[in-house]
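Report on the structure
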Amino acid sequence: MKFTRLTSGVVLAATVIGLGASVAGAQETLRGLAEERGRYVGSILNSQWFSGGLPGNYEETQKREFNAVVCENEMKFDATEPSQNNFNFNNGDRMVKYAKQNGMRARGHALAWHSQVPNWVNSHKNKQELLGILKNHIEKTVGHFKGQIDEWDVVNEAVNDNDPHDWRATATNSRPGSVWFDNIGAEFLDSAFVWTHRVDPDAELCYNDYNLEQGIGEGSKAGFVLKQVKRWKEMGIPITCVGSQTHVEDTTTAPEFNGAAENLRAFAKELAKLGVKLNITELDIGIKSGMPVDAAALARQGHFYRQFMDVFLEEPNMGEFVIWGVSDKWSWLGGLNRQAGLIFNDNLQKKPAYDSLIASLKAHAPETVFNPYKDDFTKLDSIAKADSIAKADSVAKAVADSIAKANPVVEDTSKQIEPIAPADSTEVLLSRAYGVFGVKVSGRTLNISGDASAKVQVFDMQGRPVFSDKAVKGSVSLATVPNGIYMVRVTSGTSSLVRRIALK
Ligand code: XIL
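Below, the structure is looked at part by part. (Residues numbered from 1 in each chain as written. Predicted model: local features only at pLDDT ≥ 70, side-chain atom pairs only at ≥ 80, totals over all residues. Heavy atoms only, no water.)

1. A look at the site of the ligand
Residues in close proximity to the ligand total 13 residues, the closest being Glu72, Lys76, His109, Glu282 and Trp324. A distance of 2.6 Å separates an oxygen atom of the ligand from a polar atom in the side chain of Glu72. Contact distances for the ligand include 3.3 Å between an oxygen atom and a side-chain N or O atom of Gln245. Coverage of the ligand by the protein chains reaches 79% of its 410 Å² of free accessible surface. Here the shell around the ligand is built from residues that sort into three nonpolar, six polar and four charged. (Near = heavy atom within 4 Å. Polar contact = N/O pair within 3.5 Å; in protein donor to acceptor, adjacent residues only side chain to side chain. Areas by Shrake-Rupley, 256 points an atom, 1.4 Å probe, with all protein chains shown as cover. Nonpolar A, V, L, I, M, F, W, Y, C, P; charged D, E, K, R; others polar.)

Structure follows, in structure tokens:
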């Protein structure tokens with residue numbers, strides 16, 4: 001597949017034309033939509049699943065909605081090597097079997113981590129001994145699962161939490177230290193990647209951590225990781241991906257979270273330059289304990305889920321979007337003083353966040369989503385350059401013509417979840433073809449340039465209509481629409497334009 005403006009424009013036309021059919025069609029699932037786009041949406045198999053403590057609809061939901069899976073705890077060091085050189089892979093074997101039976105990508109989590117290591121490891125202090133212990137653990141574990149785990153978290157959470165960031169060292173009151181770094185030094189990371197790669201050269205190898213969605217600027221954790229990835233690539237250390245755990249809190253209680261998805265986009269772009277993927281590996285968007293989990297909170301949570309999915313689909317070097325759990329009922333979040341962070345509620349019913357993810361996937365037509373497992377995202381620049389303006393113009397015309405032919409202007413949509421097209425390239429193509437309108441928000445006013453009268457529809461991030469005006473010329477007030485992030489669609493005659501707006 002070629003990822004060019006060219007294909008994205010043509011497919012937009014197809015999406016718009018197919019609107020009616022997709023609403024009435026077979027049930028859509030996250031998994032189905034992700035597969036069409038060459039991407040993985042995943043979740044954990046909760047520890048309770050392994051002990052048979054979960055209702056049947058848990059597994060049914062897990063299989064129906066996800067095409068990637070990871071054990072919550074069962075492949076960590078303390079579970080796989082409870083005493084020295086005595087390995088227990090029973091639960092890991094169950095996970096890889098489950099993944100295989102259900103056609104899922106399997107993640108291995110995690111090889112070198114300071115947490116959930118057994119006491120017998122922590123009692124060692126000698127560098128050579130610990131190097132030997134880690135090497136043996138990696139060789140036996142990766143060897144056992146060779147060919148069955150698609151991607152390993154080789155090192156987890158090795159960076160400390162405070163600025164200046166550095167490798168996590170000796171324990172503090174609030175945070176444990178790392179037995180690996182404290183006794184071996186930074187070479188434990190380099191070695192872990194090399195040992196893993198030697199045993200299973202086909203597996204993807206990730207560095208995984210939290211708080212990486214907080215920006216890549218000076219003093220940031222992601223900035224530190226980026227420097228290390230650069231160094232690793234220069235040294236030939238076989239890292240292929242960074243995992244951003246992305247355990248975040250709903251915005252009212254953490255205002256700085258607002259930019260999280262865009263921060264990941266910036267991080268992904270930097271990693272792409274190094275030929276490294278960025279995956280979302282443990283997403284949950286918790287609401288602070290004690291805060292109401294009401295309709296407003298759930299809608300807000302949905303907005304944020306959608307922002308992450310939008311970025312995920314738009315960045316060519318992102319491959320997996322993994323949520324840390326299926327249902328709120330068995331989520332680990334209570335321990336973080338958070339609640340209700342997942343996309344299915346206690347009864348395994350879909351939450352607004354689920355609808356948000358579906359809306360985002362549908363808004364990104366399959367041919368506009370790059371498949372980093374099939375095509376080389378490091379070549380994208382040259383592909384983009386080769387895609388000349390002239391070509392773009394001719395495609396713009398084709399898009400506009402097919403939209404005109406199909407007359408896609410949809411009448412009242414009050415109860416439907418509509419697919420919404422992504423902005424950017426499509427928008428450029430359409431406005432280039434017609435020169436009819438541009439859309440700008442200033443305060444609560446939406447300004448539309450162009451002569452014709454246009455229909456304006458505003459949708460929330462779950463794809464639900466929140467505002468509509470059939471005949472707008474010049475500008476329209478959106479004073480009735482609450483603050484938030486929305487998609488606006490402007491339709492004039494037979495052409496339409498979609499873009500994302502923020503009302504503050
Ligand atoms: C959590 C599990 O969900 C809990 O059941 C367990 O008690 C602690 O670990 N970062 C990680 C995951 O990499 O392994 C953690 O999982 C959550 C934070």
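2. Describing the pairing of strand β14 (residues 465-472)
Both strand β13 (residues 454-459) and β14 contribute to a ladder of five bridges, which runs antiparallel. Directly across from Val456, in β14, lies its bridge partner Asp469. Between β13 and β14, which pair antiparallel and follow one another directly, the connecting turn spans five residues, one of which, Gly463, has a positive phi of 85°. (Pairing = 2+ DSSP bridges. Helix = DSSP H or I, 4+ residues; strand = E, 2+ residues; numbered from the N terminus.)

3. With respect to the nonpolar core
Counting 99 residues, the largest nonpolar core has Trp152, Val155, Trp180, Tyr207, Phe308, Phe321 and Ile343 as the members making the most contacts within it. In terms of residue count, helix α14 (residues 295-314) provides more of this core than any other element does, seven residues in total. Those residues in contact with Ile343 that sit more than four places away from it in its chain are Leu30, Phe66, Tyr305, Ile323, Val326, Gln349, Lys350, Lys351, Ala353, Tyr354 and Leu357. Within the second largest apolar cluster, 17 residues are counted, among which are Leu446, Ala454, Val488 and Leu503. (Core = buried A, V, L, I, M, F, W, Y, C linked by side-chain atoms within 4.5 Å. Buried < 20%, exposed > 50% of the residue type's maximum accessible area, 1.4 Å probe, protein only. Contact = heavy atoms within 4.5 Å.)

4. Considering the pattern of salt bridges
A complete count under the given rule lists 29 salt bridges for this structure. For Glu59, the salt bridge is made with Lys63, and the minimal N-O distance between the two is 2.9 Å. Of the two residues, Glu59 and Lys63 both sit in helix α5 (residues 56-65), four residues apart, roughly one turn of that helix. Residue classification places Glu59 among the partly exposed residues on the basis of a relative accessible area of 25%. Exposure remark for Lys63: the relative accessible area of 31% places this residue in the partly exposed category. Its salt-bridge partner being Glu139, residue Lys135 comes within 3.1 Å of it at the nearest N-O pair. Note that Lys135 and Glu139 are positioned in helix α9 (residues 127-144) at a spacing of four residues, about one turn of the helix. Under the relative-accessibility criterion, Lys135 is labelled partly exposed at 31%. (Salt bridge = Lys/Arg side-chain N within 4 Å of Asp/Glu carboxyl O.)

5. So, the environment of Leu380
Relative to the helices and strands, Leu380 is located in helix α16 (residues 380-386). Assessed through its relative accessible area of 12%, Leu380 is described here as buried. Residues Leu380 and Phe370, spaced ten residues apart in sequence, show a C-alpha to C-alpha distance of 9.7 Å.

6. Focus on the packing of helix α11 (residues 187-199) against helix α12 (residues 221-235)
For the pair α11 and α12, the least separation of the axes is 12 Å and the interaxial angle reads 55°. It follows from the interaxial angle that α11 and α12 lie oblique. Remark: the crossing between α11 and α12 carries right-handed chirality. Contacts between α11 and α12 pair Leu189, Asp190 and Phe193 from the former with Arg231, Trp232 and Met235 from the latter. (Axes fitted to C-alpha atoms, helices over the stretch in contact; angles between N-to-C directions. Parallel < 35°, antiparallel > 145°, perpendicular 65-115°, else oblique. Left-handed = near helix turned anticlockwise from the far one by under 90°.)

7. Let's talk about unusual backbone geometry
Following His109, the chain continues to Ala110 via a peptide bond in cis, the omega torsion being 0°. Secondary-structure assignment places Ala110 in strand β3 (residues 105-113). The omega angle of the peptide bond from Asp163 to Pro164 is 0°, so this bond is cis rather than trans. By the element assignment, Pro164 lies in the loop between β4 (151-156) and α10 (179-184). Even without glycine at this site, Asn211 takes up a positive phi of about 65°. Tracing the chain through its elements places Asn211 in the loop between β5 (204-209) and α12. The exposure class of Asn211 is partly exposed, given its relative accessible area of 22%. Phi at Leu348 is positive, roughly 60°, even though this residue is not glycine. Tracing the sequence through the fold places Leu348 in the loop between β10 (338-339) and α15 (352-363).

8. Let's talk about α12
Because an α-helix completes one turn every 3.6 residues, residues spaced three or four positions apart along the sequence face the same direction. The end-to-end C-alpha distance of α12 is 21 Å, a good match for the 21 Å that 15 residues give at a rise of 1.5 Å each. Considered for burial, the residues of α12 that qualify are Lys221, Ala222, Gly223, Phe224, Val225, Leu226, Gln228, Val229 and Trp232. The inward-facing, buried residues of α12 contact α11, β5, β6 (241-244) and α13 (260-273). (Expected span 1.5 Å × (residues − 1).)

That is the geometry; function is a separate question.
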